[in-house]
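Residue strings, one per chain:
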Amino acid sequence: MEILSWILTIATIVAIYSIMGLALNVHFGYTNLPNFGIAGFFAVGAYASAILTAPHRFREMEIFAGFPGGVAGRIEAPFIVGLLAAIVLAGVVGLIIGIPLLRLREDYLAVASIGIAQTIYYVAVNELWLTTGSAGIRLIPMPTGNRYLYFLLVLLLLAIAYWVVNRFYSTPIGRVWRGVREDEVITASLGKSIFRSRMSAWIAGCSIMGAAGCLWAHYSMAIQPGEFVPTTTFLVWIFVIVGGLRNNKGILLGAILIMGFFEQGTRFLPAIGAPYIMPAIRLIIIGVLLVVFVRFRPQGVLPERHKKIEAHIR
Amino acid sequence: MNILEIRDLDSGYGKALILQDLSIDVKEGGFTAIIGPNGAGKTTLLRTIFSLCDLYKGTISFRGKDITRIKAENLSDIGLNYVPQEESIFPSLTVFENLRMGSVKEKSREKISSRLERVYNRFPVLEKRHGQSAGTLSGGERQMLAVGCALMTDPDLLLLDEPTAGLAPTLVEGLFQDIAKLNTEGRSLLLVEQNAKMALQYAHEAYILEGGRIKQHDDAANLLKSEEIIKHYLSV
Amino acid sequence: MNRGRKTRPRHSSQDGVYFAMEDLLSYGLLTFATLALPSLGLCLAIKVTKYFNLAYGDIVTAGAFLALLMNLSFKINIGIALLISIALTALLGVFLHKVVFKALMEAKVGPLTLLVVSLGVGLVIRNVVLIGWGPQPYQFNTPLTRAKHLGPFFFTPNQIVMILICILVAIGIFLMLRYTQLGRLMRATSDNPSLSLIRGISIEKVYTYTWIIACGLAAIGGVFMGMLGTIKPGMGEEALVTLFACLIVGGIENPYGAVVGALITAFAMEATAIWISPPYKVVSAYLLMFFILLIKPSGIFGREKIQWKYFLGFLRSRQ
């Protein structure tokens, strides 16, 4: 029974992270927008849903403990409202941030998006009325009430995300995205606005990350700003690169390999020394793995299906 | 006696094979031109000689010694130098610093200053501009500086990649005369040029490169008379 | 970059504005002293090697912890510990370049690939430091000194020495770039690496020297950050984006811009801490960076004009 519960934990976390990996594929794989602020959009989705769906009881407990009651727990909306709010809000934040960011060269975009995620992190730590600060929001309801059913819900949303992202690949807008990736000048000369097509890919990816954040909040039932640090972003990047950049099946595989075995699978091994030692060793292994993969197999375990843009961009 | 011998050369970038089965000779003290249309692989040829491209097959020997395994940064030591077509100077360095970069490995200060003096004598305008940043030079001055930098190692064989590209027509003639003068002083030259007429007038012999292969090889004077060449390269 | 603000209470007087200005000048200069040299080092690294090395923040951390090792474990005076740390950190930088980045650069991978790899390298350094020292913050063992008023400033003697070192080292680097052969080689390699090879410059050597200088500067920055605040494994990671803010404000490949950008960023951060909210001082550096990227991506010294239209015209523009 314990083993089954452990597998369920791993599978749920892998599925949620896979959704983020798919979103990163829309950003980086399809459109060449290196988003290093994944944790930020993840946080926006998680907090949006948590604040809306936290029960009144949470606010009462906060006030009882002597804190000023914040926004969280005022509304107690159902899960579906939280999910939609997470998707919309992450998309809106993506839109606002995208205006300055999407004009930048890719490496500037990478650094600036780290700054965005850090800004969101500082807001989550310091705006107590909104996020209850570093104590975090607790008592977030799990919508199905049962971890097995919740896993099926996550799996369903992963399937939807997978289908949507796969559809993007072959729809006209997806072709324009890849056109922008391969050659901006040619795509622009065909009358496609580079900024707008980048923006549509950017918002689509951000919204999917927001949905993943919502699923995370309702799975762990308590969120803290400390979960949305750059390391979260890097983990997503690393399994996307290891699994196979630009290949959605590869991303699932990478999520299982990296998140499953290294991140979650070792969590139950006996701890050596202080409690911070094992996670640190895990991250060192993941860092080395990243360097080795980029050096010797840059296309990942499963490479992209078509290397070049189709001749016809409609 | 050939100073440079290229035999059965295949080269390109990564997986893209650009030059195939190329054999080219440059005589000691000779002036060889390579002409051909855009995209024929002329620049690739010079970059291959200078170890900046991937070489798949064939040999390149300089004075009978194989140089295919020598790194680009060491080729100027053995008497070879290269004036690339674009970005042939360092724009944020001054003219003097650019020339100083030309003989970066030379230890003897006397040699450096005597070579510097010779470059300044050859191109007096560079001496006038020696403290100016090279990015502010005009196109003609840039080319003089690029050639001047290459001369700072006192090379026996100079590879020139379209030195007159983008220059005003009035300057082209003058630069060709400067180049021809380098040859009469005893330096061997391998010139890549799109301006076939000029190149054939000054060079001794020429190769015609098309689609990565040698199409024709003859004395420049004969090529200048050949009807096919006139039709393809010399008519406007 | 948690400044130990215990030297005196803030806004203690009725004449609050005067004291706030004094605070701004003093803390601004101190923050500048911690940011200027690492941002100059990062600028040189980017200028010569043409990719963003995100492990640089963790190299700053490594510099601070190497000095801490000398200072606390071997009881060496902080000044000498700083010198040893500079040498060891430079060695670390060269090691990383030779083992990880050199092969990738020779394989001609893009700047973004190198950026991703540098993230992995940073992750490794950070966690090695974490295993070695644990998550708790440390402080250097420095002789206690009293802060004194110096005109409008309020500094301890240590802090004055830090600011002087920072300014002198920065001037030294500028002179090196302008007048020495190594400076010329670095500028030439930055302009055009393949032409540098043709000219006979061993660009691999230039990269090595650049990393020595960049990591030496990172070590000084790390030690200064530790002198003013605490030393913990995440300090460099936190500082990294601030360093990029300094670079982007001044123009990413402009060494003078890096130092001026550090000055502007430092004062913007301390002004935020005094008048808005201390926790948001880092955010103010990021916002400054976004603002500059929005209106003038080449930095305040860049040649292009300010592009106000980005503010308003983005929805109408087709490109």
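Structural data are supplied above this passage.
A.B. asks: Could you give me a rundown of the sheet that holds strand 5 (residues 65–66) of chain B, with the residues and numbers involved?
C.D. replies: Residue and element names in this part refer to chain B. If you walk across this open sheet you meet the 4 strands as 2-1-4-5, and the pairing is antiparallel. Looking along the sheet, the strands with just one partner apiece sit at the ends: strand 2 (16–27) and strand 5. Relative to strand 4 (residues 54–62), strand 1 (residues 2–13) runs antiparallel, the two being bridged by 7 bridges. When the bridges of strand 4 are listed, Gly12 appears paired with Asp54. Helix-sheet contacts for helix 1 (residues 42–49) involve strand 1, strand 2 and strand 4, and the interaxial angle to strand 2 is about 70 degrees.

A.B. asks: So what about the interface of chain B and chain C? Which residues, and what values?
C.D. replies: Between chain B and chain C, the contact holds 21 residues from the first and 13 residues from the second. Listed by contribution, the elements that provide at least two residues to the side of chain B that touches chain C are helix 2 (72–75) and helix 3 (95–102) of chain B. It is helix 3 of chain B that provides the largest number of residues to the side of chain B that touches chain C, a total of 4 residues. Looking at the side of chain B that touches chain C residue by residue, the classes come out as 11 nonpolar, 4 polar and 6 charged.

A.B. asks: Got a sec to walk through the interface of chain C and chain A? Specific residues and values, please.
C.D. replies: Every contact between the two is made by 38 residues of chain C and, on the other side, 39 residues of chain A. Elements with a contribution of two residues or more to the side of chain C that touches chain A: helix 3 (78–106), helix 4 (111–133), helix 9 (235–250) and helix 11 (281–295) of chain C. The element best represented in the side of chain C that touches chain A is helix 4 of chain C, accounting for 15 residues. Residues of the side of chain C that touches chain A, tallied by class, amount to 30 nonpolar, 6 polar and 2 charged.

A.B. asks: Describe in detail the pairing of strand 9 (residues 205–210) of chain B, supporting the description with residues and values.
C.D. replies: Residues and elements named next belong to chain B. Here strand 3 (residues 31–35) pairs with strand 9 via 4 bridges, running parallel. Directly across from Ala33, in strand 9, lies its bridge partner Ala206. Two elements, strand 9 and strand 10 (residues 213–219), share 6 bridges in a ladder whose sense is antiparallel. Following the sheet pairing, Glu205 is matched in strand 10 by Asp219. Where strand 9 hands over to strand 10, the hairpin turn is made up of 2 residues, of which Gly211 adopts a positive phi near 55 degrees.

A.B. asks: How would you sum up the arrangement of the chains? Please name residues and give values.
C.D. replies: No other pair among the 2 pairs of chains in contact exceeds the contact count of chains A and C. Separated throughout, chain A and chain B approach each other most closely at a C-alpha pair spaced 14 Å apart.

A.B. asks: Talk me through the packing of helix 2 (residues 38–53) of chain A against helix 10 (residues 194–220) of chain A; I want residue IDs and the actual numbers.
C.D. replies: Residues and elements named next belong to chain A. Relative orientation of the contacting elements helix 2 and helix 10 amounts to 55 degrees, with a least axis distance of 7 Å. Taken together, the axes of helix 2 and helix 10 are oblique relative to one another. In this structure, helix 2 crosses over helix 10, and the sense of that crossing is right-handed. For the pair helix 2 and helix 10, the contacting residues are Ile38, Phe41, Phe42, Ala43, Val44, Gly45, Ala46, Ser49 and Ala50 in the first and Cys206, Met209, Gly210, Ala211, Ala212, Gly213, Cys214, Trp216, Ala217 and His218 in the second. Class assignment of the residues belonging to the contact of helix 2 with helix 10 gives a composition of 14 nonpolar, 5 polar and no charged.

Conventions adopted
Residues numbered from 1 in each chain as written. Chains lettered and ligands numbered in written order. Predicted model: local features only at pLDDT ≥ 70, side-chain atom pairs only at ≥ 80, totals over all residues. Pairing = 2+ DSSP bridges. Helix = DSSP H or I, 4+ residues; strand = E, 2+ residues; numbered from the N terminus. Contact = placed C-beta atoms within 7 Å. Axes fitted to C-alpha atoms, helices over the stretch in contact; angles between N-to-C directions. Nonpolar A, V, L, I, M, F, W, Y, C, P; charged D, E, K, R; others polar. Parallel < 35°, antiparallel > 145°, perpendicular 65-115°, else oblique. Left-handed = near helix turned anticlockwise from the far one by under 90°.

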